[in-house]
Amino acid sequence: MAGMDAANFGPRLPPFESEPRIMLSAYAVPEAFSPAECDAIIALSHEKDLADAGLVGNRSDHNLRRAELAWLDDRDGGGWVMDRIMALVAEANRAHFDFALTEFGESPQVARYGAEREGHFVWHSDIGEGPLASRRKLTLVVQLSEAADYLGGVLELQADANLRPSDRARGSAVLFPSFVLHRVTPVTQGERYSLTTWVHGPAFR
Ligand SMILES: O=C(O)CCC(=O)C(=O)O
Ligand SMILES: [Fe+2]
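Since we're looking at a predicted model, the values are computed, not measured. (Residues numbered from 1 in each chain as written. Chains lettered and ligands numbered in written order. Predicted model: local features only at pLDDT ≥ 70, side-chain atom pairs only at ≥ 80, totals over all residues.)

With that out of the way, let us pick up helix α2 (residues 79-97). Along its 19 residues, α2 runs 25 Å from first to last C-alpha, staying within 8% of the 27 Å computed at 1.5 Å per residue. Along α2, the residues that are buried comprise Val81, Ile85, Val89, Ala92, Asn93 and Phe97. Seen along its axis, α2 keeps its buried residues to an arc of 100°; they face one direction. The exposed residues of α2 that point more than 90 degrees off its buried face are Gly79, Trp80, Asp83, Ala87, Ala90 and Arg94. (Helix = DSSP H or I, 4+ residues; strand = E, 2+ residues; numbered from the N terminus. Expected span 1.5 Å × (residues − 1). Buried ≥ 20, exposed ≤ 12 C-beta atoms within 10 Å, placed from the backbone. Arc of directions from axis to C-beta.)

All residues adjacent to ligand 1 are Ala111, Phe121, Asp126, Val141, Leu155, His182, Val184, Ser194 and Thr196. Those elements that place two or more of their residues in the shell around ligand 1 are β12 (181-184) and β13 (187-200). (Near = placed C-beta within 6 Å.)

This paragraph deals with the pairing of β13. Here strand β5 (residues 109-114) runs beside β13; their pairing, made up of six bridges, is antiparallel. By the bridge assignment, Arg112 is partnered in β13 with Tyr193. Two strands pair when backbone bridges link them, and strand β7 (residues 136-143) and β13 are joined in this way by seven bridges, in the antiparallel orientation. Across the sheet, the residue bridging to Val141 is Thr196, located in β13. Pairing geometry for strand β8 (residues 150-152) and β13, over three bridges, is antiparallel. Bridge pairing links Leu151 to Gln189 in β13. (Pairing = 2+ DSSP bridges.)

This next bit is on the sheet that holds strand β6 (residues 120-124). Overall, antiparallel pairing links the five strands, which are arranged β3-β6-β12-β9-β10 in an open sheet. Each of the sheet's edge strands pairs with one partner strand only, and the pair in question is β3 (65-66) and β10 (164-165). Alignment of β3 against β6, held across two bridges, turns out to be antiparallel. When the sheet's bridge partners are listed, Arg66 is paired in β6 with His120.

All right, on to the confidence of the model for the protein then. Confidence in the prediction for the protein averages 88 pLDDT; 85% of positions are at 70 or higher. Below a pLDDT of 50 lies the segment residues 1-8, which in the model reaches five contacts outside its immediate sequence neighbourhood of four places, other chains included. With a pTM of 0.88, the predicted complex shows an ipTM of 0.99. (pLDDT = per-residue confidence, 0-100. Contact = placed C-beta atoms within 7 Å.)

Below, the discussion takes up the nonpolar core. Ile41, Val110, Leu140, Val142, Ala173 and Leu175 are the most contacted members of the largest nonpolar core, which has 37 residues in total. Contributing elements (two or more residues each) for this core: α1 (35-45), α2, β5, β7, β9 (155-158), β11 (173-177) and β13. With residues up to four places along the chain from it excluded, the contact list for Leu175 reads Ala26, Tyr27, Ala92, Leu138, Thr139 and Leu140. (Core = buried A, V, L, I, M, F, W, Y, C linked by C-beta atoms within 7 Å.)

Following this line, the structure appears as structure tokens:
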């Protein structure tokens, strides 16, 4: 049969390097948002009081996560952010992941990690229990703060044997499969804001 190698069981594939489209590693987008847009997203988050992440979903363990959260669906005038996120996800999925994705089932989330209580998030996967968290497939995180405005607060990913820090540049985005382990190291000076969105879909296969 055309394309089949008689000595093997499957079709003959090109070398791995020539097929960079399908990857389980992270995908970085420099300058996904402008500094003015980052400011606008932070301002949106402060239209109402931020919520304490430790209290969300009755999880009160501040040792796991110490941050304050805002959900953009709960703020007026955030529609343009979702439009931009959808375009970013479409491009990343076309260029890199090729996942079956069906919806944005959860609101984009702005998180603030402040030095006053060493804001952080320990190693975790974003896949959890329940109808939404169990269907998370892609996670997108945007750096909203100027890198010089805080110390610590590094978003680290462990997609393979190596631990990789994400780009700290303001406005840069990183997308990764939601099962990939990641953490935010404690902020020891200043404050860091991030924007996180999840994309949902059917089971991996
Ligand atoms: O703030 C970040 O950089 C990551 C946030 C995160 O991992 C999450 O909300 O699940
Ligand atoms: Fe996460």
